[in-house]
Every structure is written in structure tokens, then in C-alpha cells.
2 protein chains.
Amino acid sequence: MDQAGIPETLQGPARRQAGPPPAELLDFIRDGANRRFLVASHINPEGDALGSTLALSAALRALGKEALAYNKDGVPEYFRFLPGCEDISTGLPEKTGDFILVLVDCSKPFRAALEGVRFAKTVVIDHHELDPSRPGESAPDILWVESSSPAAGLMVYDLIKALAVTVDRAAATNLFTAIATDTGSFKYSNTTPEALEAAAALVRAGADPGRISQNVYETWTGKRMNLLCLALRSLEIRDGAAVMSVSAEMFRATGTTVEDVDNFTSFPRMLRDAQVAALISELDDGLIRASLRSKGAIDVRSIAQKFGGGGHRNAAGFRISASAIDLKDLRERLFKAIAEASPKGE
Amino acid sequence: MDQAGIPETLQGPARRQAGPPPAELLDFIRDGANRRFLVASHINPEGDALGSTLALSAALRALGKEALAYNKDGVPEYFRFLPGCEDISTGLPEKTGDFILVLVDCSKPFRAALEGVRFAKTVVIDHHELDPSRPGESAPDILWVESSSPAAGLMVYDLIKALAVTVDRAAATNLFTAIATDTGSFKYSNTTPEALEAAAALVRAGADPGRISQNVYETWTGKRMNLLCLALRSLEIRDGAAVMSVSAEMFRATGTTVEDVDNFTSFPRMLRDAQVAALISELDDGLIRASLRSKGAIDVRSIAQKFGGGGHRNAAGFRISASAIDLKDLRERLFKAIAEASPKGE
């Protein structure tokens, strides 16, 4: 599930198997000279970012290291069931230069709001295509990117096993949540046999799928349901494009915020005739955000790029100034851009 | 997922592991004297009923048997992607007495609308608690019931493996669909390690989780979405009970039928404060149907029983004559009954 509303890891069906953790990374972690770690992930963290951060920092501590868990944005309410989440700090230690930064679920420090912060070394563990932004930044000391892995949590699981750290109930819960949310609860095309096998092992280790899913998917507020009700009335489908919009007025009328539209794209997506699902949200900072999801036939990244955004083939997005265009005009432009991008429109 | 809207297999979290297929069943199938089979499941079939029927009948044919697949109600539109579903007959062969009936996902012939039909023998493969209805009926010749198994499809998978029949892509698709739908895509508390391991093996054998989920979850018609929109406006939560109702007028206004409310209980369920989710639907045959789902704290079977229905602790339902009560009064009675059943109400 894309909790953050930003492009996530819906990828095409053809996937090679991800590789094992590199020996270089295992040696680096085992090295007694490397003792102080700060594990961080991207802002607007979702299940994969948080579960990976928590499981990895706990595993490092189990190996006798000092390990801080950090996220600039803290833990959204609906992930506060994750074991250990109260230890995720939104502040940095004083002497960051004494710490090794481990970035999980993203590959550039600015994604974690850590640009310009000095660390002793940097390790990257990510399942996204290598982030091309800010090419001038110095490369990490160790880079482990597996773009064919469905979740950073699956990579962290493999790493923890390779380090011979016991996966306890807390780690199992964090890692099951990471894998389940990034595969849309094993519904997306990135659901590999390895993801399901890891999930099985994590349930054996104590993860409770029913309780986790209740926490992730069944903790809607009444306000959020009211917002969905209003948003659904704006849902319109034309020629394979299903577009739903959430206006500033809808947020106001229901007392909700932009966090509440997380995963709303799944509703236009449910329509049989939708090849592309789009959600347009009017943010309170003068921006309009568009989230695009494809069922596979249409490349939504190319559509997002036309509006200055980016992402993956099946999940992309962009932001545009509300002073440049209103919601209604943006809907029309989106319908047009999607029609042009559809195979028959070429 | 409960596609049929009737009580399904949401069960409690404490689950023992289901046993292997009994030797008696394996011997019976291998016996060259047993050559003609009719595989059938309950009316209003969902993914587990259909996937199990299709995979088992194909496996019997692979063993050189004659095997017919039967369902009184045929295949609902959103399951017509299941390989081989065009071979499911809604009619019986002339000489049913020459056939061995194999009931999957139910344990009594009347559940498949086969009461009074003569068969040579009867085999039952079911993951529900043994159905206590019609106790006077003769017992099946072979009864394999595993109430701790999350899906009949998982039992059929174990059976096919024990019979050393190759699980091809078609069988993998049918069985993955069976297991995924009955576990709510691995979200319900009945999601066992065995279910996830089988799912992994089925993906390796060719099942495509992304394509299957698109077919099962993302083929809503616009009319159905309009119905949801109206139904959501009726959603009300009081003291842990979230009740949604669909009136005959809503069906008329949107041009939908009772099939379209399948799984609508998942929406009231999404509310954080809902301990019980209820969906009341006004059917066109003068009945009102209520579907009750519990998140675990409240036993909804006992509530359904008060209205003459039944089911499981976490999933139950009942039907009541629309001439006896209207939707609004039933809502009130339901709120009251749920409040009385809640721990603090005792």
C-alpha cells in the first residue's frame, strides 16, 4: 500500500529474483570498528519505511551495536502499533559525525531530510531504482539496491537472517507489515514467491496478519470515511481514465487533512474499465498533488513527466501550483493526457 | 473475501495446524474402481468454492478419471477469469447414480442444491465446522473436514500434491484465488503460515497475484461504485457498531442487484471504532439480509441467532421478512443487539 500518496513500488510483472545481501555489507556490519549507527528512512514514512527502520535498528542492537532509529516526520498514527515505534526519534544526536547512516527504502539523504548532515559513513539499502536526483552528492560507502525486490523490508529480512540475528515477534511484526503494505497485502504484481515465503516465516516467528491488517487497514476515522464519501461523488471515468478529486473545501467540510487521502487511489482503481486511476488533492500549501496508478497497459510515469513529476511505470505523480490551474481544469488536462498516452490514442 | 455475502470463514486467531489428507481418501481416489466423479460446491459460489471445484476436477482428470464440475448457480461474472470455468455445468448428467459426488467447501448436499439427488458415493472436503443442518441425511462415505484450514483450496492443494498430480498454471491460478479470497488477501486472522507457503508455491507454479487481484478486486462497474456511494451515506457508528444499509430504492436508483453488495461489509469494518460491522440489504424477494462481521471482541453468531440466523463467531448473518420489519427499525434493533452483546454491555 502506498501510505504516503507519493509514487511507490507498483512495478511491472516481469521480475528477476533479488540477490542476497552483499558480503561487503555483512562484513561492514560485523566489523567491530563500526559501532554507532543511525537508521533512517524517507519523510512521509509508510509501513515499509518504518518496519524496515525498526527491524534493522533492533537487529544492530542485538549485535551489540548502538543503533538509533530516526525519521524526520515521526510515526503516523496508524503505524503506532509497530513494536518499538516509540523509539523512533524525530531529532538527531549531537555528534552525527560519530554515526554511520543507514538509509532504508530510499537512496539519497535528502529523501530523509538529511541533506548536508555529516555522518561517519553512509550505507544504502533500497528496493527502488537508484534515485537519479542530486547526482552531485557523494556516493554512499555501501550501496545495496535491489529494484526487483518488492519491499525494503524483504531485503532487511534477508540481511537479518544472513547476520544470524534471531527474528523475534517484534521484528516479525515490523517486517510483515513492511512487506504486506508495499505489496498491497500481496495483491500487487510485485508479490513474489520470496515475499510470500518470508511472510510465512514471519507469521511462524510471531507476526499476526489479522492484527496487523486491522491496524493498517481498519483504523479509519469517521471523518476520513466522510471524506471518502465526498471524494467518491467526484469520481468520473472516461475512456479508461478514472479521476477522483479532493478539494480544499472537502478537507474543510470534513475536518480532515492530506494524510487522510492516503491510498484513496485504490477506489478509482477498483473500476473494471479503469486502466489508469488518478487522485487529485488540493493541499493546504497552495499546491495540487496528483497521484497516478496504472493497471499495466499505460505508462503513467510519462504522463507525470509532462506535468513535471515522475515515478514508476505503474505508479507516478506530480505537484503543481494551485495558482496556475484549478482542480477542474487539471481534471480535464489529465483526462486528455491519459487518453493521449493510451495505446489506441497514439 | 466473502464474495457471497453469507457467513464465511473469518475465524478466531487461535488455530491448530490442519492435518494432511487422510489415507482413506487417497486410496479411494486412486482406486481404479472409482472412475466417474462430479465435483460440486455450494450455491452463491465465491473464489474458494470455484477455485477448489476447478482444481480438483482437473486433478481427477489428470489421474485418468472422468470428472464433471458442477455449480447450480454457475460462475459469477467477476470469477470468469478462472481457468476452465467455462466447463462448470449448471446442469446434472442424466445418470447421477453412476457418479461419485465430491462436495468441496460445504458438507451437506443441500448447500449445493443437490438434496435428494442420488449418487454412487459421496466425499466431503470442507474447511468449515461440520454443518449441523439436516442431521437426518445419510453420512458421506468419506468425510474430510479441517475447520482450522483457512480455505478448501488449501486442502485441495494438499490433496493434489499427495496424489502426485502436477500443479500447472491453471491449477495454480484456481488455488491461489481460492486461498487469497478466503483469507481476504492474507489479511484475515485465518492467514496461516501454511496458507502463505502454499501461495508462494502456487506463484512459483504460475499463478499471477497481480492479475488475479485485478480480476477479483478491481472489476467494479460504475453502477456498483454509485451504489457504494449511496450506501456509505447510510453508514452510522454507535458504541462500536457500524451499520450500513442498502435499500431496494438504492438498488433501483443505481440499476444494481444484490450481487453488487458482495464484500460491502469491508467498508463499515474499516472504521477504527467499529467492533462489529453490519450490512443490511433489502432483497427483491421480500427479505432483508443482514451480514455481521466482528473484529474479534464480540461474538456475532450469538447476535445472528437472536434473529434466527447463524454463522461463525466473527462472521454471521440472518434473513428476515421485509413484511415483519423495515430497514430503519432493523437498524435500531441491530444497534441494540450489538450493544447488549458487547463486553461492557453484559
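Relevant structure appears above.
Residues numbered from 1 in each chain as written. Chains lettered and ligands numbered in written order. Predicted model: local features only at pLDDT ≥ 70, side-chain atom pairs only at ≥ 80, totals over all residues. Heavy atoms only, no water.

Undergrad: It is not clear to me how the overall build of chain A should be interpreted in this structure. Could you clarify?
TA: Along its length, chain A carries 11 helices and 12 strands. Computed over C-alpha atoms, the radius of gyration of chain A comes to 20 Å, within 12% of the 20 Å expected from 2.2 N^0.38 for 346 residues, which places it in the range of a compact globule. Along the first, second and third principal axes, the C-alpha set of chain A runs to 60 × 45 × 40 Å. Restricting the contact set of chain A to residue pairs at least 6 apart, pairs at least 24 apart contribute 65%. By element, 48% of the accessible surface of chain A is carried by carbon and sulfur atoms, the whole surface being about 13,400 Å². Distance between charge centres in chain A, computed from 39 positive and 45 negative side chains, equals 2 Å. (Helix = DSSP H or I, 4+ residues; strand = E, 2+ residues; numbered from the N terminus. Rg over C-alpha atoms; globule rule 2.2 N^0.38 Å. Contact = heavy atoms within 4.5 Å. Areas by Shrake-Rupley, 256 points an atom, 1.4 Å probe, with all protein chains shown as cover. Lys, Arg positive; Asp, Glu negative; His and termini not counted. Charge placed at Lys NZ, Arg CZ, Asp CG, Glu CD.)

Undergrad: Just to check I follow, could you spell out the packing of aromatic side chains for this structure?
TA: How two aromatic rings sit relative to each other is set out by the distance from centre to centre and by the angle between their planes. Counting across every chain of the model gives 18 aromatic pairs over all chains. Arranged with centres 6.3 Å apart and planes meeting at 80 degrees, the rings of B:Trp220 and B:Phe267 form a pair that is edge-to-face. One end of the pair, B:Trp220, is in the loop between helix 6 (209–217) and helix 7 (222–233); the other, B:Phe267, is in helix 9 (residues 266–269), and 47 residues separate them in sequence. A ring pair is formed by B:Phe307 and B:Phe318, whose centres lie 4.4 Å apart and whose planes are at 10 degrees; its orientation type is stacked. Remark: B:Phe318 occurs in strand 12 (residues 315–321) and B:Phe307 occurs in the loop between helix 10 (300–306) and strand 11 (310–311); sequence separation between them is 11 residues. Overall, B:Phe318 belongs to the buried group, its relative accessible area being 3%. Pairwise contacts between aromatic rings join A:Trp220, A:Phe264, A:Phe267, B:Trp220, B:Phe264 and B:Phe267 into one cluster. Here the guanidinium or amino end of A:Lys187 rests over the ring plane of B:Tyr217, the centre of that ring lying 4.9 Å away. Its end group placed over the ring of B:Phe335, B:Arg238 keeps NZ or CZ at 4.0 Å from the ring centre. (Phe/Tyr/Trp six-rings, centres within 6.5 Å; stacked < 30°, edge-to-face > 60°. Buried < 20%, exposed > 50% of the residue type's maximum accessible area, 1.4 Å probe, protein only. Lys NZ or Arg CZ within 6 Å of the ring centre and 35° of its normal.)

Undergrad: Honestly, the nonpolar core in this entry has me stumped. Any pointers?
TA: As a rule of thumb, soluble globular proteins bury nonpolar side chains together. The biggest cluster of nonpolar side chains holds 112 residues, and the ones touching the most others in it are A:Ile125, A:Phe176, B:Ile125 and B:Phe176. Look past the residues within four positions of B:Phe176 in its chain and what remains in contact with it is A:Phe186, A:Leu196, B:Phe186, B:Ala199, B:Leu202, B:Val203, B:Ala207, B:Pro209 and B:Ile212. Ranked by size, the runner-up nonpolar core spans 40 residues in total, among them A:Ala231, B:Ala231, B:Leu232 and B:Val261. (Core = buried A, V, L, I, M, F, W, Y, C linked by side-chain atoms within 4.5 Å.)

Undergrad: Explanation requested: the relation of the copies chain B and chain A in the structure shown.
TA: What relates the pair of chain copies is a rotation about an axis plus a shift along that axis. When chain B is brought onto chain A, the operation consists of a screw motion whose angular component is 180 degrees and whose axial shift is 0.0 Å, with 0.0 Å RMSD remaining. Here the two chains are linked by the operation of a two-fold rotation axis. Take the interface residues of chain B: 100% of them recur as interface residues in chain A, which is what a same-surface contact looks like. (Least-squares fit on C-alpha atoms with pLDDT ≥ 70 in both.)

Undergrad: Explain the packing of helix 4 (residues 169–182) of chain A against helix 5 (residues 193–204) of chain A here, please?
TA: For any two helices packed against each other, the geometry is given by the interaxial angle and the distance between the axes. Residue and element names in this part refer to chain A. The N-to-C vectors of helix 4 and helix 5 enclose an angle of 155 degrees; their axes lie 9 Å apart at closest approach. Overall, the two elements helix 4 and helix 5 adopt an arrangement that is roughly antiparallel. The two elements helix 4 and helix 5 cross, and the hand of that crossing is left-handed. Contacts between helix 4 and helix 5 involve Ala172, Leu175, Phe176 and Ile179 from the first element and Ala195, Ala198, Ala199, Leu202 and Val203 from the second. For the contact of helix 4 with helix 5, a count of residues per class yields nine nonpolar, no polar and no charged. (Axes fitted to C-alpha atoms, helices over the stretch in contact; angles between N-to-C directions. Parallel < 35°, antiparallel > 145°, perpendicular 65-115°, else oblique. Left-handed = near helix turned anticlockwise from the far one by under 90°. Nonpolar A, V, L, I, M, F, W, Y, C, P; charged D, E, K, R; others polar.)

Undergrad: Is there a simple way to think about the pairing of strand 4 (residues 100–104) of chain A in this case?
TA: Remember that side chains alternate between the two faces of the sheet whenever the strand is regular. Residue and element names in this part refer to chain A. Within strand 4, five of the five residues are buried, which leaves it mostly tucked inside the rest of the structure. Side chains Ile100, Val102 and Val104 of strand 4 all project onto a buried face; the interleaved residues Leu101 and Leu103 project onto the opposite face, where all are buried too. Bridge count between strand 1 (residues 36–40) and strand 4: four bridges; the pairing is parallel. In the strand pairing of strand 4, Val39 is matched with Val102. Where strand 4 and strand 5 (residues 121–126) come together, five bridges link them in parallel fashion. Along strand 5, the bridge assignment pairs Val102 with Val123. (Pairing = 2+ DSSP bridges.)

Undergrad: Teacher, can you tell me more about the interface of chain B and chain A here?
TA: Often, the extent of an interface is quoted as the loss of accessible area upon association of its parts. At the interface, 38 residues of chain B touch 38 residues of chain A. Surface buried jointly by chain B and chain A totals about 3,800 Å² across both partners, of which 62% is contributed by carbon and sulfur atoms. Inspection of the region where chain B meets chain A yields eight salt bridges. A:Arg269 is paired through a salt bridge with B:Glu218; the nearest N and O atoms lie 2.6 Å apart. (Buried area = accessible area lost by both parts, 1.4 Å probe. Salt bridge = Lys/Arg side-chain N within 4 Å of Asp/Glu carboxyl O.)

Undergrad: Would you explain the pairing of strand 12 (residues 315–321) of chain A in this entry?
TA: Residue and element names in this part refer to chain A. With five of its seven residues buried, strand 12 lies for the most part within the structure. The pairing of strand 10 (residues 287–294) with strand 12 spans seven bridges and is antiparallel. Along strand 12, the bridge assignment pairs Leu292 with Ala316. Taking the residues between adjacent antiparallel strands as the criterion, strand 11 (residues 310–311) and strand 12 are bridged by three residues.

Undergrad: It is not clear to me how helix 7 of chain B should be interpreted in this structure. Could you clarify?
TA: Since the α-helix advances by 3.6 residues per turn, residues separated by three or four positions end up pointing in the same direction. Its 12 residues give helix 7 of chain B an end-to-end C-alpha distance of 17 Å, which sits within 8% of 16 Å, the value for a rise of 1.5 Å per residue. Within helix 7 of chain B, the full set of buried residues consists of B:Arg224, B:Met225, B:Leu227, B:Leu228, B:Cys229, B:Ala231 and B:Leu232. (Expected span 1.5 Å × (residues − 1).)

Undergrad: Please clarify how unusual backbone geometry should be interpreted in this entry.
TA: Note on backbone geometry: most residues besides glycine have negative phi, and most peptide bonds are trans. A positive phi angle, near 45 degrees, is found at A:Asp239, a position not held by glycine. Position of A:Asp239 relative to the elements: it lies in the loop between strand 7 (236–238) and strand 8 (241–246). Residue A:Asp239 is classed as exposed on the basis of its relative accessible area of 62%. Backbone geometry at B:Asn263 places phi at a positive 75 degrees, although glycine is not the residue there. Tracing the backbone through its elements, the reader meets B:Asn263 in the loop between helix 8 (248–254) and helix 9. The class for B:Asn263 is buried, based on a relative accessible area of 18%.

Undergrad: Just to check I follow, could you spell out the pattern of salt bridges for this structure?
TA: Residue and element names in this part refer to chain A. Considering all chains together, one arrives at 28 salt bridges over all chains under this definition. A salt bridge links Arg331 to Glu236; the nearest nitrogen and oxygen atoms lie 3.2 Å apart. You can see Arg331 sitting in helix 11 (residues 327–341) and its partner Glu236 sitting in strand 7, a full 95 residues away along the chain. For Glu236, a relative accessible area of 29% translates into the label partly exposed. A single network of salt bridges, built from pairs that share partners, joins Glu236, Arg238, Arg331 and Glu332.

Undergrad: Looking at this structure, how should I read the sheet that holds strand 11 of chain A?
TA: Residue and element names in this part refer to chain A. Across the sheet, which stays open at both edges, the six strands sit in the order 7-8-9-10-12-11 with mixed pairing between neighbours. Here the strands that pair on one side only, and so sit at the sheet edges, are strand 7 and strand 11. Summarising the sheet, strand 8 and strand 9 (residues 276–282) pair through six bridges and their orientation is parallel. Paired with Met244 across the two strands is Leu279, which belongs to strand 9. Along the sheet face, helix 11 touches strand 7, strand 8, strand 9, strand 10 and strand 12 and points at about 160 degrees away from the line of strand 8.

Keep in mind these values describe shape, not function.
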